[in-house]
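Reading the structure
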Amino acid sequence: MQHLPAARPVRAVLLCSAAFALSACSLWGGKTGSPAMASLPDADIAYRLAGHGKLPVVFQSGLGDNKEVWADVLPAVEQQHQVLTYDRPGYGDSPKTAAPRDPCTIAAQQHQLLAKTGLKPPYILVGNGIGGLYQYVYAKMYPQDVAGLVLLDPVHPERWRRLQSEAPTWAMALKARQALILNAAKSAEFDAQTQCLQGIDSKSPLRAPAMLLVRGKFAIEETGPYESVVREQEKDWQRLVGAPAIERVTGAGPAIQKDNPVIVNEAIRMVAKAR
């Protein structure tokens, strides 16, 4: 895949950077259609099912983002695939839940949701930010369900630990800001981002086709230790998912699906073709 320029400028990187370092910072206020509601054992989840095709694509948003963040990507994908977007508990149209917010619980809830919708595996999983981590965990927990992955600037399983160890001042500032800006459900996800990961096998790469897209630029306040940790862990993400390359998207920030939806659509197409 060629390194394509961003389709639009990033107008709000400085507003999104620190507090939403795990997300794409939801700025799009449009609607993609009235959601349906699925009742799971430990949560009620609002979702939207659209498109047509035999290979479903399942989207997982970043911290702070609901399903609407994929609006620029969906029209092209829906021409070739059934598409599922949804709000995690406490986001958008989904009520909050008392269930744990660790990556394994969220992956299990997605598995239950897919069963409720009647979508048959295997799936192409697409995730942004912490949603990329959730999709990776899903692929480890349910490998037989996965046809491929497209990860957009994903949060590495070891990012928070590394930041606390190597950039403690930055980590403390991030923690303080997220406590002020995020609601209780989103804060719970932030706090639980490393829980359960010790039970996930990270030594062997995934066997499904994968594309790894990463941001091309960082906000001013992200330069230094934070950027160094993220860039170093991009290389390990390539190992974790077995991606053929690290695709750096020129001009894009963490919200790659908003800054360059064309390259996201191309990555999905390539993964579907490679399976």
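Now for a look at the structure at hand. Treat the numbers as computed from the prediction; the structure is a model and nothing was measured. (Residues numbered from 1 in each chain as written. Predicted model: local features only at pLDDT ≥ 70, side-chain atom pairs only at ≥ 80, totals over all residues. Heavy atoms only, no water.)

1. Brief notes about the overall build of the protein
Helices and strands together make up the secondary structure of the protein, namely ten helices and eight strands. Counting only residues that meet the buried cut, the protein has 58% of its 275 residues in that class. Sequence-distant contacts in the protein: of pairs separated by 6 or more residues, those separated by 24 or more amount to 80%. A total of about 11200 Å² of accessible surface is found on the protein, and carbon and sulfur atoms cover 55% of it. (Helix = DSSP H or I, 4+ residues; strand = E, 2+ residues; numbered from the N terminus. Buried < 20%, exposed > 50% of the residue type's maximum accessible area, 1.4 Å probe, protein only. Contact = heavy atoms within 4.5 Å. Areas by Shrake-Rupley, 256 points an atom, 1.4 Å probe, with all protein chains shown as cover.)

2. A word on the packing of helix H6 (residues 168-181) against helix H7 (residues 184-191)
With their axes 9 Å apart at the nearest point, H6 and H7 run at an angle of 155° to one another. As the angle between them shows, H6 and H7 are arranged roughly antiparallel. On H7, the residues touching Leu-174, Lys-175, Gln-178 and Ala-179 of H6 are Ser-187, Phe-190 and Asp-191. Here the residues of the contact of H6 with H7 sort into three nonpolar, two polar and two charged. (Axes fitted to C-alpha atoms, helices over the stretch in contact; angles between N-to-C directions. Parallel < 35°, antiparallel > 145°, perpendicular 65-115°, else oblique. Nonpolar A, V, L, I, M, F, W, Y, C, P; charged D, E, K, R; others polar.)

3. Notes on unusual backbone geometry
Following Pro-121, the chain continues to Pro-122 via a peptide bond in cis, the omega torsion being 5°. Unusually for a residue other than glycine, Cys-196 sits at a positive phi of about 80°.

4. Brief notes about the packing of aromatic side chains
For the structure shown, the criterion picks out six aromatic pairs. The interplanar angle of 90° and the centroid separation of 5.3 Å between the aromatic rings of Tyr-136 and Trp-237 together place this pair among those described as edge-to-face. Residue Tyr-136 is located in helix H4 (residues 130-141), and its partner Trp-237 is located in helix H8 (residues 225-241); the two are separated by 101 residues in the primary sequence. There is no split in this pair, since Tyr-136 and Trp-237 are both buried. Between Trp-160 and Phe-190, the aromatic rings sit 5.0 Å apart at their centres with planes inclined by 70°, giving edge-to-face as the arrangement. Of the two residues, Trp-160 sits in helix H5 (residues 159-166) while Phe-190 sits in helix H7, which places them 30 residues apart along the sequence. Phe-190 matches Trp-160 in its accessibility class, with the two residues each being buried. Among the aromatic residues, those joined into a cluster by ring pairs are Trp-170, Phe-218 and Tyr-226. Sitting above the plane of the Tyr-91 ring, Lys-186 keeps its charged end 5.0 Å from the centroid. In this structure, Arg-215 is placed above the aromatic ring of Phe-218, and the distance from its NZ or CZ to the ring centre is 4.1 Å. (Phe/Tyr/Trp six-rings, centres within 6.5 Å; stacked < 30°, edge-to-face > 60°. Lys NZ or Arg CZ within 6 Å of the ring centre and 35° of its normal.)

5. Comments concerning the packing of helix H3 (residues 103-117) against H4
At a minimum axis distance of 9 Å, the contact between H3 and H4 shows a crossing angle of 70°. Taken as axis vectors, H3 and H4 run roughly perpendicular relative to one another. Counted together, Pro-103, Cys-104, Ile-106, Ala-107, Gln-110, His-111 and Leu-114 of H3 and Leu-133, Tyr-134, Gln-135, Val-137, Tyr-138 and Met-141 of H4 form the full contact between these two elements.

6. What about the environment of Ala-46?
Relative to the assigned elements, Ala-46 resides in strand S2 (residues 43-51). According to the relative accessible area criterion, Ala-46 is buried, its value standing at 0%. In this structure, the C-alpha to C-alpha distance between Ala-46 and Tyr-86, residues 40 residues apart in sequence, is 5.8 Å. Setting aside chain neighbours within four positions, we find Ala-46 in contact with Pro-35, Ala-36, Met-37, Tyr-86, Asp-87, Asp-93 and Ser-94.

7. Notes on the sheet that holds strand S3 (residues 57-60)
Pairing in this open sheet of eight strands is mixed, and the strands run S1-S2-S4-S3-S5-S6-S7-S8 from one edge to the other. Among the strands making up the open sheet, the edge pair consists of strand S1 (36-40) and strand S8 (246-249). Between one strand axis and the next, the sheet turns by 25° as a mean value, whatever way the strands run. Where strand S7 (residues 210-215) meets S8, four bridges bridge the pair, whose relative direction is parallel. Looking at S8, one finds that Leu-212 is bridged to Ile-246. Across the face of the sheet, H4 comes into contact with S3, strand S5 (123-128) and strand S6 (146-152) while running at roughly 150° to S5. Each of S6, S7 and S8 is contacted by H8, which is oriented at about 170° to S7, the strand it contacts most. (Pairing = 2+ DSSP bridges.)

8. Section: the pattern of salt bridges
Oppositely charged side chains are able to pair whenever their charged atoms sit close together. Under the criterion given, the structure shown has 15 salt bridges. Here Glu-68 ties to Lys-67 by a salt bridge, and the two come within 3.9 Å at their closest N and O atoms. With relative accessibility at 4%, the residue Glu-68 sits in the buried group. Note that Asp-153 is salt-bridged to Arg-215, the shortest N-O span being 3.1 Å. Highlighted residues: Asp-153 in the loop between S6 and H5 and Arg-215 in strand S7, separated in sequence by 62 residues. (Salt bridge = Lys/Arg side-chain N within 4 Å of Asp/Glu carboxyl O.)

Read these as layout, nothing more, since geometry by itself doesn't imply function.
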